Amino acid sequence: MRKFFTFFCLSLFLQSYGQQRPKLVIGVVVDQMKAEYLDRFYDDYSQEGFKRLMNEGYSFHNMNYNYVPTYTAPGHASIYTGATPATHGIIGNDWYIRETGKNKYCTDDASVKTLVIGAEKEGMMSPKNLLATTVTDELRMATNFRGKVIGLSIKDRGAILPAGHFANWAFWYSKSGDFISSSFYGEKMPDWVTKFNSEKHYMPYIEKGWSLLKPIDNYNESLSDDNPYEGRIDKTKPPVFPYDLNKLYKESGADILRTTPFGNDLLADLALKTIENEGLGKDNITDFLTVSFSSTDYIGHTFGPRSIEIQDTYLRLDLTLARMLTYLDKNIGKDNYLLFLTADHAAAENPIFLRDNKYDVTNVPSKETLRALEKFSIDTYGANLILNYSNFNIYLNRDMVKAKGLELTSVKNTFKSFVLGFSSIKRVYTDDEVLASSGGDYYLDFIFRGFDPKQNGDLVLVHKTGYMEYNETGTTHGTPNSYDTNVPLLFYGWHIAKGESYKKENITSIAPTLSKLLKITFPNGTEGQVLEELLKTR
């Protein structure tokens with residue numbers, strides 16, 4: 001009898017454990033975060049932000065993107081679908097459409113309208129261009145649509161794509177300073193968001209201005225405050241602290257907040273209000289909140305990865321994360337939430353900085369590449385056969401090629417030979433070569449996983465390592481090189497044991513791993529590789 005009772009109790013325990021899920025999952029994406037920022041700025045972080053996640057959670061030190069282009073929209077889509085652009089269809093932030101002769105933005109949707117007056121174009125957005133389900137979609141279905149999913153970001157794409165097709169809401173920042181949404185999610189904005197907007201939470205940050213968080217001697221991991229590799233947010237003065245945000249607000253409105261650390265703070269304010277007002281994590285039905293911090297990207301693009309501005313931004317983000325973790329501990333319970341933090345891509349070193357330090361590379365403006373292609377086409381064929389050059393893709397005017405009696409494959413190969421002559425170019429592939437990829441070419445593998453034959457171009461370019469298709473100041477991203485692909489990944493909270501791994505992993509492993517942790521179906525396009533370390537430590 002005693003054995004039967006013991007067996008019965010054990011069976012009940014195992015059954016309940018097998019169904020157990022956290023009350024709340026929080027997915028944090030830091031836009032343009034290089035993995036090395038965790039180490040470079042480590043000594044200046046507090047104990048309760050990044051260090052808490054690293055020292056008490058599980059750290060993956062060698063997480064990588066496995067496709068190009070490494071941009072914001074494909075990154076967010078890949079994190080949450082467990083698929084690459086070849087499958088989920090988000091092949092860029094925007095991309096050229098042959099049929100229309102125009103660019104399509106990743107979340108554009110003319111069938112919906114904004115829910116906030118004054119932001120009409122900014123609100124015509126939805127996830128309809130995303131061709132695969134997300135882990136957030138699968139959670140909604142697994143809970144019979146009772147678990148809530150809400151996406152938040154300064155950028156529309158950072159809010160919409162992670163939240164997926166079945167989200168309750170997605171909210172993103174508008175130029176007016178309001179957080180907005182579209183009719184895809186509901187008929188009117190929730191009253192609490194309208195109230196949040198009316199209180200103009202961005203103004204205290206504007207009025208405070210942007211000064212250094214710590215004495216300037218603490219920023220010895222960065223270049224000098226005024227250096228030639230930085231851009232400017234105030235065109236009338238050098239890029240040095242402090243920044244008068246009141247002045248910039250009067251000139252450009254609330255949009256200036258994006259390119260300051262306080263865009264992250266404002267988003268965190270909204271995130272905590274979302275948890276409170278939407279009752280996230282208050283019952284045993286798992287909810288999912290996606291939070292994408294975008295200001296790191298705006299600041300990185302403007303000032304570059306060696307600037308004091310970017311270091312100050314991460315020191316402030318560290319405190320913002322600490323504030324969020326403290327709130328979650330108090331209101332959800334330390335053992336009741338699961339949080340992960342990663343990035344949608346990393347970023348290159350400024351090539352002019354590298355060149356000044358005797359590394360023979362430079363920046364390559366995309367407009368110069370386009371002009372060279374058009375001139376070569378006219379000189380060779382007597383006509384401009386270039387429809388578009390963007391996202392490292394060359395689109396040829398196939399109708400004109402045919403009308404001139406030219407053979408398309410020959411034209412592609414002629415342009416390929418020409419572009420290979422550029423000093424900045426490492427490889428050029430035709431679309432036929434991409435689709436015939438056999439897995440033996442390192443660069444071609446990256447392109448293949450990011451390539452959709454219905455949407456990509458006729459040729460795809462790969463720049464040599466260290467070259468950057470961008471301006472002379474600041475930085476950008478997009479290549480298959482490690483400086484663009486290597487990002488952090490930290491898991492913390494519910495059923496996550498302390499640990500670390502240096503094994504090379506792919507970003508597409510996050511969604512299927514979450515699926516296994518939550519005991520739900522894989523997203524329908526995922527490659528299905530899981531991070532076994534997290535499952536073994538449970």
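As the structure is a computational prediction, the values presented were derived from the model and not from experiment.

Let's shift gears to the environment of Phe446. Within the element layout of this structure, Phe446 appears in helix H19 (residues 442-449). According to the relative accessible area criterion, Phe446 is buried, its value standing at 6%. Distance in space between the C-alpha atoms of Phe446 and Thr479 is 9.1 Å, their sequence separation being 33 residues. Setting aside its immediate chain neighbours within four residues, Phe446 contacts Tyr65, Asn66, Tyr67, Val68, Pro480 and Thr485.

The subject of this paragraph is the pattern of salt bridges. Taken as a whole and judged by the stated rule, the model has 26 salt bridges. Its salt-bridge partner being Lys334, residue Glu56 comes within 3.7 Å of it at the nearest N-O pair. On the criterion of sequence distance, the pair formed by Glu56 in helix H3 (residues 50-56) and Lys334 in the loop between helix H13 (308-331) and strand S9 (337-342) is long-range, its members being 278 residues apart. In this structure, the salt-bridge partner of Asp297 is Lys155, at a minimum N-O distance of 2.8 Å. A residue pair is termed long-range when its members are at least 10 positions apart, and Asp297 in helix H12 (residues 295-303) and Lys155 in the loop between strand S5 (149-153) and helix H7 (156-163) qualify at 142 residues. A single network of salt bridges, built from pairs that share partners, joins Arg98, Arg398, Lys412, Asp431, Asp432 and Asp458.

Attention now goes to the UniProt feature "binding site: substrate" (unreviewed entry) in the protein. In this structure's numbering, the residues bearing the UniProt feature "binding site: substrate" (unreviewed entry) are Asn93, Lys155, Asp156 and Arg157. Spanning 65 residues, the named residues nonetheless gather at one spot, since no C-alpha pair among them exceeds 11.1 Å. Those annotated residues that line the largest pocket are Asn93, Lys155 and Arg157. Topologically, Asn93 is positioned in the loop between helix H5 (85-88) and strand S3 (94-97). Discounting residues that sit within four places of it in the chain, Asn93 has contacts with Tyr71, Thr72, Ala73, Pro74, Lys104, Tyr105, Cys106 and Arg157. In terms of polar contacts, Asn93 uses its side chain to reach the backbone amide nitrogen of Ala73, at 2.8 Å. A relative accessible area of 14% means that Asp156 is categorised as buried. Residues contacting Asp156, with those up to four places away along its chain left out, are Tyr105, Thr107, Met125 and Trp172.

Further remarks concern the pairing of strand S14 (residues 486-493). Here S14 lies mainly inside the structure; 7 of its 8 residues are buried. Of the strand pairs in this sheet, strand S2 (residues 58-64) and S14 are connected by 5 bridges, and their pairing is antiparallel. By the bridge assignment, Ser59 is partnered in S14 with Leu490. Judged from the 5 bridges that link them, S9 and S14 form a sheet pairing that is antiparallel. Within S14, the position partnered with Thr342 by the bridge is Leu489.

Definitions and limits used
- Residues numbered from 1 in each chain as written.
- Predicted model: local features only at pLDDT ≥ 70, side-chain atom pairs only at ≥ 80, totals over all residues.
- Heavy atoms only, no water.
- Helix = DSSP H or I, 4+ residues; strand = E, 2+ residues; numbered from the N terminus.
- Buried < 20%, exposed > 50% of the residue type's maximum accessible area, 1.4 Å probe, protein only.
- Contact = heavy atoms within 4.5 Å.
- Salt bridge = Lys/Arg side-chain N within 4 Å of Asp/Glu carboxyl O.
- UniProt positions renumbered as here; feature names shortened; annotations may be inferred.
- 1 Å grid on protein atoms, 1.4 Å probe; cavity = no way out; pocket = protein on both sides within 12 Å on 5 of 7 lines; lining within 4 Å.
- Polar contact = N/O pair within 3.5 Å; in protein donor to acceptor, adjacent residues only side chain to side chain.
- Pairing = 2+ DSSP bridges.

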